[in-house]
Amino acid sequence: MNLRAGVFYDGTLAEPRHNVDIEIADGKIATIRPAAEGAKCDRSAACVTPGLVNAHVHLEMNGEPDTMGALAMMNQNQRMLAAVASARRSLEAGVTTVRDVGSSFGIGPAIRDAIDSGKIEGPRMRAAGAILCMTGGHGWFVGRQVDGPWDARKGVREQLAAGADCIKLVATGGVLTKGAVPGNAQLLPEELTAAIDEAHRHGLRVAAHAIGTEGIKNALRSGIDSIEHGHLLDDEAIALFKERNVYLVPTLTAPTCILEHAHEGRQPAFVIKKAEALAERMRENLRHAFQQGVKFAGGSDAGTPYNYHENYAYEVELMHTLLGMSPQQALNAATAVASDLIAIQRGVLQGGEAADLLLLDADITRDIKALARPLAVMKGGAFVGSAA
Ligand SMILES: [Zn+2]
């Protein structure tokens, strides 16, 4: 198959190319060359980009206003069905790879395997299984509560046994759990270190939910691979990020959506209060971190209030508008860099790489919202659903 692109972004920070033909064979990019007059062309678009990579999702959560209340009312079967639907909607919206960083009942790994074996439609996936948190810590009602280094190791081994191919640790309080203070550290350094060591021994990467300053630094010093949220980081944390080459997954959509819908009065008051306290500092701190050269990987926390799986393009837009990234830099964070973190495939459109791509109706540098309305989505060389 041959696709023609008016402007072509390969996911890296290389200069975009104009008027190119992309030859696809066996699900992969075969060649990319200047468009030739009269050459066969199956489909053309104003702009072609890699498929988006969302490094932070919860497929069993659906963006209900009271997300945790709604989840608590769902049994295992209902959560599984919700996750199946979220996976399909993500892919149809152009998200060709996701990392599920926390599910109950082994749903994440089961969905990943069902997608891989062609039973259901969805993005390429990594899945963490249950989050590991301290007893009563953020997310305890869906997580595996661990206390002490050996229990933390055992928690990792349990996720491994259940099919997890990455691990998620809770280093601080969070917004959606009643009583959990986002600024407070939770799992202790020795628990984080033990869990990270155990995961790394088995080749699994580890993400830490961390909003507060102390918990961010605890996780960074313990050898974490990515900090999720990171909203209250300071200059010392920025230095640690750079020294240890750790990714920051900003999840800007999460507090933004909570606050955009606060006036509707359908969310728990404590959620709005915590998001309000974080939003401004999040913008300033993360903007500063980006300017200082911290490596950002796109991830939205999809599933949290009003933060829908199919709206990941909004996170890319917010990295541009709130953090000051150029549209191409935001795309790079949400494709190549997020792929590097997840370590499935490279997330770049170059010869030999998977043909996961989007056909768009406008150049993203002129209109970043074009990512939110793909004309067609391709995964592994095949067009997805009705978009073909
Ligand atoms: Zn999350």
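Above this text sits the structure in question.
Scoring rules and cut-offs
- Residues numbered from 1 in each chain as written.
- Predicted model: local features only at pLDDT ≥ 70, side-chain atom pairs only at ≥ 80, totals over all residues.
- Heavy atoms only, no water.
- Disulfide = S-S within 2.5 Å.
- Pairing = 2+ DSSP bridges.
- Helix = DSSP H or I, 4+ residues; strand = E, 2+ residues; numbered from the N terminus.
- Buried < 20%, exposed > 50% of the residue type's maximum accessible area, 1.4 Å probe, protein only.
- Phe/Tyr/Trp six-rings, centres within 6.5 Å; stacked < 30°, edge-to-face > 60°.
- Lys NZ or Arg CZ within 6 Å of the ring centre and 35° of its normal.
- 1 Å grid on protein atoms, 1.4 Å probe; cavity = no way out; pocket = protein on both sides within 12 Å on 5 of 7 lines; lining within 4 Å.
- Points joined across faces, edges and corners; volume = space filled by probe spheres on them.
- Nonpolar A, V, L, I, M, F, W, Y, C, P; charged D, E, K, R; others polar.
- Donors = N, O, S within 2.8 Å, 3.2 Å for Na, K, Ca; no water.
- Contact = heavy atoms within 4.5 Å.

### Let's talk about the state of the cysteines
Right, on to step 1. Throughout the structure, instances matching the rule amount to zero disulfides.
Right, on to step 2. Its sulfur unpaired, Cys166 is 16 Å from the next cysteine sulfur, which belongs to Cys133.

### Section: the sheet that holds strand E15 (residues 357-360)
Right, on to step 1. Here seven strands make up an open sheet; going across it, the order is E3-E2-E1-E4-E15-E16-E17 and the pairing mixed. The sheet is open, and its two borders are formed by strand E3 (28-34) and strand E17 (382-383), each paired with just one other strand.
Right, on to step 2. By the bridge criterion, six bridges tie strand E2 (residues 17-25) to E3 in an arrangement that is antiparallel. The residue bridging Ile22 from the neighbouring strand is Ile32, located in E3.

### Quick notes on helix H6 (residues 213-221)
Every α-helix carries 3.6 residues per turn, so stepping three or four residues along brings you back to the same face.
Right, on to step 1. When we look at burial in H6, the residues that qualify are Gly215, Ile216, Lys217, Asn218, Ala219 and Leu220.
Right, on to step 2. Just past H6, the residue Gly223 takes up positive phi, approximately 95°.

### Notes on the packing of aromatic side chains
Right, on to step 1. Taken as a whole, this structure holds two aromatic pairs when the rule is applied.
Right, on to step 2. Ring geometry for Trp140 against Phe141: centres 5.4 Å apart, planes inclined by 80°, an arrangement best described as edge-to-face.
Right, on to step 3. Ring plane angle 80° and centroid distance 6.0 Å describe the contact between Phe290 and Phe296, whose orientation is recorded as edge-to-face.
Right, on to step 4. Seen from the ring of Phe383, Arg43 lies directly overhead, with NZ or CZ sitting 5.6 Å from the centre.
Right, on to step 5. A cation over a ring is seen here: Arg153 above Trp150, with NZ or CZ 5.6 Å from the ring centre.

### Considerations on empty space enclosed by the protein
Right, on to step 1. Counted according to the given criterion, the structure contains two cavities of 30 Å³ or more.
Right, on to step 2. Here the largest cavity is characterised by a volume of approximately 360 Å³.
Right, on to step 3. If you trace the largest cavity, you find 30 residues lining it, with His58, His138, His209, Asp301 and Thr304 closest to the centre.
Right, on to step 4. When residues of the lining of the largest cavity are traced back to their parent elements, those giving at least two are helix H1 (67-72), strand E10 (166-170) and helix H8 (253-260).
Right, on to step 5. Broken down by element, the residue count for the lining of the largest cavity peaks at three residues, all from H8.
Right, on to step 6. Split into classes, the residues belonging to the lining of the largest cavity amount to 15 nonpolar, twelve polar and three charged.
Right, on to step 7. As a volume, the second largest cavity reaches approximately 60 Å³.
Right, on to step 8. If you trace the second largest cavity, you find it lined by Pro50, Gly51, Val53, Thr96, Thr97, Gln345, Gly347, Val348, Leu349, Glu353, Ala354 and Asp356.
Right, on to step 9. Across the lining of the second largest cavity, the residue classes break down as five nonpolar, five polar and two charged.

### Overview of the coordination of the zinc ion
Right, on to step 1. His56 (NE2), His58 (NE2) and Asp301 (OD) make up the full set of protein donors to the zinc ion, lying at 2.1 to 2.3 Å.
Right, on to step 2. One chain supplies every donor for the zinc ion, spaced along it as H-x1-H-x242-D. In this pair, His56 sits in strand E5 (residues 52-57) while Asp301 sits in the loop between strand E14 (295-296) and helix H10 (313-321), placing the two residues 245 residues apart along the sequence. Each member of the pair, His56 as well as Asp301, carries the same accessibility label: buried.

### Points about the environment of Gly351
Right, on to step 1. Mapped onto the fold, Gly351 is located in the loop between helix H11 (327-342) and E15.
Right, on to step 2. Separated by 177 residues in sequence, Gly351 and Gly174 place their C-alpha atoms 42 Å apart.
Right, on to step 3. Those residues in contact with Gly351, other than ones at most four positions away along the chain, are Ile29 and Ala30.

Geometric values such as these leave the question of function open.
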